[in-house]
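Here are the chains, one letter per residue:
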Amino acid sequence: MNRRTASILTTGLALTLAASLTACGGDDSGKEKDDGAVKGAEPAKTSAEASPSPSASKAGAERPKIELPADLKYNFEWPETGDKKKDAVMADAEQRIKAVDLAISHQDPADAAYRFYSEGEAAAGSEDFIKLFTADGNTITGYRHFYKPVVQLNDDGTAGFVYCEDQATAYNKKIKTGKVQKTRPSKDSYVVYNTRLRLDDRGIWVTEKLISQRGSATCQP
């Protein structure tokens, strides 16, 4: 596993990034320059098809279609808050996660979908993250589970979004052979993400920065 250092996020947390997928789980990677191996594991909200975000029908921009492999499933335990802005932040963050996985499945670090939902450091980090997979001929399979979402709307129009992932059941898979690289779950299967987003002119909550820390006590069961 390679690891790189990430920059400090909105809330000022200095965390280590997880950036490449390994058998224990999966990472979505916004500003993950590259901090090691992550694994894809999300429980079941969607599988082959990316469900449109709740804010999708309200935004003026035409959103990219995200169709993921049938062997990659998600569970986003991100209940609606009743606050339209906070719910839109979570919805667009979900789409960005799936869009990065889409680029990995396409083996395309320049895929347009994840760039639709990210910019700046987050987009550059995602590109590096995707390149780790394409260099090794890997994609992601399994089950990714996200939970414990906390959204904060800032006075400057940005939003801070912190959430956890259990990567214990998502794995790397060799594209050529279909071989799944499984590993045993451990404390490193639990990752906390700290992101900053802003509402752009299209009505999309775009991720500007993302950092993550593997083995987070906050995310342990």
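Below: a short report on this structure. What you see is a predicted model, and the numbers here were worked out from it, not measured in a lab.

### Re the pairing of strand β6 (residues 170-174)
Of all five residues in β6, four are buried, a share of seventy percent or more. Here strand β4 (residues 138-153) pairs with β6 via five bridges, running antiparallel. The partner of Thr139 across the bridge, within β6, is Lys173. Here β6 runs beside strand β7 (residues 180-181); their pairing, made up of two bridges, is antiparallel. From the neighbouring strand, Asn172 faces β7, where its bridge partner is Gln181. Here β6 hands over to β7 after five residues, with Gly178 in that stretch at a positive phi of 80°.

### A closer look at the pairing of strand β8 (residues 190-199)
β8 sits mainly inside the fold: seven of its 10 residues count as buried. With nine bridges joining them, strand β5 (residues 158-166) and β8 adopt antiparallel strand pairing. Residue pairing across strands places Asp166 opposite Tyr190, the latter belonging to β8. Bridge count between β8 and strand β9 (residues 205-214): nine bridges; the pairing is antiparallel. The residue of β9 that forms the bridge with Arg196 is Lys209. Connecting β8 to the antiparallel partner β9 that follows it, the hairpin turn spans five residues, and Gly203 within it adopts a positive phi of roughly 90°.

### Topic: helix α1 (residues 84-106)
Between the first and last C-alpha of α1 there are 33 Å, a value that for 23 residues agrees with the 33 Å anticipated at 1.5 Å per step. Of all 23 residues in α1, 18 are buried, a share of seventy percent or more. Its side-chain oxygen placed 2.9 Å from the backbone nitrogen of Lys85, Asp83 serves as the N-cap of α1. Positive phi shows up at Gln107, right after α1, with a value of about 60°.

### Side note on the pattern of salt bridges
Oppositely charged side chains can pair when the atoms bearing their charge come close. A full pass over the atoms with the stated rule returns 14 salt bridges. Residue Glu165 pairs with Arg144 through a salt bridge whose shortest N-O separation is 2.8 Å. With Glu165 in strand β5 and Arg144 in strand β4, this residue pair connects regions lying 21 residues apart in the sequence. Each of the two residues, Glu165 as well as Arg144, counts as buried. Taken together, the shared-partner salt bridges in this structure form one network comprising Glu119, Arg196, Arg198 and Glu208.

What counts as what
Residues numbered from 1 in each chain as written. Predicted model: local features only at pLDDT ≥ 70, side-chain atom pairs only at ≥ 80, totals over all residues. Heavy atoms only, no water. Buried < 20%, exposed > 50% of the residue type's maximum accessible area, 1.4 Å probe, protein only. Helix = DSSP H or I, 4+ residues; strand = E, 2+ residues; numbered from the N terminus. Pairing = 2+ DSSP bridges. Expected span 1.5 Å × (residues − 1). Polar contact = N/O pair within 3.5 Å; in protein donor to acceptor, adjacent residues only side chain to side chain. Salt bridge = Lys/Arg side-chain N within 4 Å of Asp/Glu carboxyl O.

In short, the description is geometric, and any link to function would need to be established separately.
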